[in-house]
Amino acid sequence: MLDVLGDLAGGFGVALQPANILLLLAGVLLGLIIGVLPGLGGTSGVAILLPVSVLIAGAGGAGGATTAIIFLAGIYWGALFGGVITSILFNIPGEPWAVALLFDGFPLAKRRGRPGLALGSSFVASFVGALIATVLLTFFARALALEAIKFGPAELFAVFILSFTTLVGLGSEAPLKSVMMIALGLLLAAVGFDSLTGEPRLTFGHVELLSGITFVPVTIGLFGIGEVLASAEEQGIGFVERLSAKVGLRDIGEAFSALRKRIGMVVPISILGFLFGVLPGHGATAGSFLGYGLARQYSKNKEDFGKGEISGIMAPQAAADSAAVGSIVPMIALGIPGSPTSAVMMAGLFILGLQPGPLLFIEHKDFVWGLIASIYLGHLLTFAICLAAVPLLALIMRTPYAIITPFIIVISIIGSYSLNNSVLDVGVTIVFGLIGYWLRKLKYPLAPLVVALVLGDATERELRKALIASGGDPSTFLTSTVGGFPLAAIMLTLSVLLILLPIVRSLRSRRTPTGGTAPAASS
Amino acid sequence: MRRYEALTAAVIMAIAAAAMFDTRRGALPDVAGGAPGGLSGGFYPFWSAAVLFAFSALVLLRSLTVAQAAEGVFKDRQSVTAMLWLAIPMVIATALIGVLGFYVMTGLYMGFFAAAIGRYRWHWVGAITVLFPLVIYLIFEVGFRVGLPKSVFYDLVKF
């Protein structure tokens, strides 16, 4: 314990050097801008600025590599917070892990007219989640990475299934429709080449479908365009948002007060998010969805979810940020990236002449602890900048309809196009915008569809990897153990219960599940 | 409400049925051992489609047999018109990206809204038409080197 604290103090000595602080600030600001821009996120931001980090390392002398990686990490943290802004203000997720924020962030900002509170709650939860995760990273980095690596395909498959089942009944009136949407998402995720056999699936002879349907255009369509169309119908065209003019300290105070009431939820979800982040290759997205699902499952106000419930903002955001910090663990301790962004950062480490892995803790102690200390400082900086900018950011919502509405559609088009430079993706966005509009009219929950689409590929991959490893024996899901515990079996049993209970309840009810008044739009 | 519910569930059932038909050869585990792990590429989509089909059928059945909410799907004719005012230009603008390119389309689309919905004065409409694409160009093409679709007249005007 004391040696860890000593190492951390040394790390702060490195991170607090003026050049490191300055470049951390530059990274955070660039990350925030990148996170807000459609089609760009942490991964692309770090990738775009990788050449800059090499220049920084060259100019920085002996500690140049540490300065460079602190700069890249700053971009990552900035982009994490920046992605929140588009999700909450425009219903367009900047990053996959920001998707869960749409469900309650946007309704609180728009329908309930509290953009400042929505953003403030999200930033506060981000900060707390990241802080908890960084403390865990400081003390348990190596030990946790070694445990996480023991998770096999059976356990990872069970984790994904559990993520889905927590979402059944998300719009509590419609568990049957939730299952439909999960199945539709899994089906859409399967379109294109089978990554294992190369076999084309569900393309119906269309060559352009061979590369599959990616979640970004679909999500932008369902949530961004769909919401704009629904708003036009509900509120008419030409309306101007009437939002509270007093966005600022009051909202921030309320956000802290809301956090105090929910600290019992935010802390365990942050720990869970961190553990998800440590799982190599998975991380923030699954963590944020599970965080949202768990917050809803254990909430006394289930019916408020999807309508701007603050727990629905804080839980996924705390989980996502702690998972992002967690994804650094396997990168530095084992040389295995925990997320796409940490994979790009790892490429940066190689370029900078560092070999990620357990030896990094011994051979480049200053670097590792400097990076860990910079995570504390980076989140503190990002949090302060974001809080200061909340009133400015919320002003965006007061832009006249005739400008903001076509602008949202234009940035949605950029977002869907710039992922693969594909005009087809723009078409997918528009089509799913119309589909999303219709499904929300009939109170189909859209969140399970997006979750299944995002995680569908990984779920199938782990299922098949588990079966390949067991020689095709499905009992592997019951017999596989981690440290003597049948984790996969436990999670799958829990999943079955979570899916059956709301369905049985729904089938026994005499009233139609579509008869509720909860807006499926945001759930 | 009832007919829209039933029709939507039926359309989704049809999509699921088409997907099941397309992947039917991989529906059952490959006991002969030809596929890795005993599962061919069709297994996962087939059973996803099967679940979709079964649950759509349940929703369809319930929409026909269980009491429905009294409210309609649409609020009134005016609200549908408002939605169409937004949806139709959006679809047209998207269809024109291939010909006009992103920047010209954005300028015209933003200008159309400023003029038709905002009813701004002509100089504001002109400014919006020019400035929005210009700012987007500077941020994406110049700043981040993200190329956006160009018009068929790219040889004459470079956007």
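Residues numbered from 1 in each chain as written. Chains lettered and ligands numbered in written order. Predicted model: local features only at pLDDT ≥ 70, side-chain atom pairs only at ≥ 80, totals over all residues.

Caption draft 1: Region of interest: the overall build of chain A. Counting its regular elements, chain A contains 23 helices and two strands. Scored against the burial criterion, the 523 residues of chain A give a buried share of 63%. The long-range share in chain A, meaning contacts at least 24 apart out of those at least 6 apart in sequence, stands at 79%. (Helix = DSSP H or I, 4+ residues; strand = E, 2+ residues; numbered from the N terminus. Buried ≥ 20, exposed ≤ 12 C-beta atoms within 10 Å, placed from the backbone. Contact = placed C-beta atoms within 7 Å.)

Caption draft 2: Broad picture of the overall build of chain B. A count of helical and extended segments in chain B gives four helices and zero strands. Written out in order from the N terminus, the α and β elements of chain B read α-α-α-α. Here the C-alpha atoms of chain B give a radius of gyration of 25 Å, more than 25% beyond the 15 Å that 2.2 N^0.38 yields for 159 residues. Viewed in the frame of its principal axes, chain B has a C-alpha envelope of about 70 × 50 × 25 Å. In chain B, which comprises 159 residues, the proportion classed as buried is 37%. (Rg over C-alpha atoms; globule rule 2.2 N^0.38 Å.)

Caption draft 3: Highlighting the interface of chain B and chain A. Each partner contributes residues to the interface: chain B has 60 residues there, and chain A has 59 residues. Only α1 (2–22), α2 (43–65), α3 (77–116) and α4 (122–143) of chain B provide two or more residues apiece to the side of chain B that touches chain A. Broken down by element, the residue count for the side of chain B that touches chain A peaks at 17 residues, all from α3 of chain B. For the side of chain B that touches chain A, a count of residues per class yields 40 nonpolar, 16 polar and four charged. (Nonpolar A, V, L, I, M, F, W, Y, C, P; charged D, E, K, R; others polar.)

Caption draft 4: Here's a closer look at the environment of L272 of chain A. All names here are of chain A. Within the secondary structure, L272 is located in helix α12 (residues 263–278). A sequence separation of 16 residues divides L272 from S288, and the C-alpha atoms of the two residues are 9.7 Å apart. L272 has contacts with G287, L290, G291 and A319, leaving out every residue within four places of it along the chain.

Caption draft 5: Main features of the packing of helix α5 (residues 64–90) of chain A against helix α6 (residues 99–111) of chain A. Residue and element names in this part refer to chain A. With their axes 7 Å apart at the nearest point, α5 and α6 run at an angle of 60° to one another. Relative to α6, the element α5 is oriented oblique. Contacts between α5 and α6 pair V84, S87, I88 and L89 from the former with L101, L102, G105, F106 and A109 from the latter. (Axes fitted to C-alpha atoms, helices over the stretch in contact; angles between N-to-C directions. Parallel < 35°, antiparallel > 145°, perpendicular 65-115°, else oblique.)

Caption draft 6: Main features of the nonpolar core. Membership of the largest hydrophobic core comes to 217 residues, with the highest contact counts inside it found for Y76, M180 and V450 of chain A together with L52 of chain B. Per-element accounting of this core gives the leading share, 18 residues, to α5 of chain A. (Core = buried A, V, L, I, M, F, W, Y, C linked by C-beta atoms within 7 Å.)

Caption draft 7: Quick peek at unusual backbone geometry. Located in the positive-phi region is L202 of chain A, a residue other than glycine, with phi close to 55°. One can find L202 of chain A in the loop between β2 (200–201) and α10 (215–235). If you check the backbone angles, R119 of chain B has positive phi at about 50° while not being a glycine.

Caption draft 8: Inspection of the confidence of the model for chain B at higher detail. Summarising the model, chain B shows a mean pLDDT of 87, and 95% of its residues fall at 70 or more. Both scores are given for the predicted complex: the pTM is 0.73, the ipTM 0.92. (pLDDT = per-residue confidence, 0-100.)

Caption draft 9: Examining the environment of L24 of chain A more closely. Residue and element names in this part refer to chain A. Tracing the chain through its elements places L24 in helix α2 (residues 18–36). Taking the C-alpha atoms as reference points, L24 and G353, separated by 329 residues in sequence, lie 21 Å from one another. Those residues in contact with L24, other than ones at most four positions away along the chain, are I70, F71, G74, S374, L377, G378 and L381.

Caption draft 10: Region of interest: the packing of α3 of chain B against α4 of chain B. All names here are of chain B. Interaxial distance between α3 and α4 falls to 8 Å at its minimum, and their mutual angle equals 145°. Between α3 and α4 lies a crossing of right-handed hand. Along its contact with α3, which presents Y103, T106, G107, L108, M110, G111, A114 and A115, the element α4 presents W124, V125, I128, T129, V130, F132, P133, I136 and Y137. Residue composition of the contact of α3 with α4, by class: 13 nonpolar, four polar and no charged. (Left-handed = near helix turned anticlockwise from the far one by under 90°.)

Caption draft 11: Looking closely at the confidence of the model for chain A. Residues and elements named next belong to chain A. Per-residue pLDDT for chain A has a mean of 80; in total, 85% of the residues score no lower than 70. Every residue in residues 240–247 is under pLDDT 50, and counting partners more than four places away or in other chains gives 16 contacts. Contacts of residues 512–523 to residues separated by more than four positions or lying in other chains number 50 contacts, the stretch itself having pLDDT below 50.

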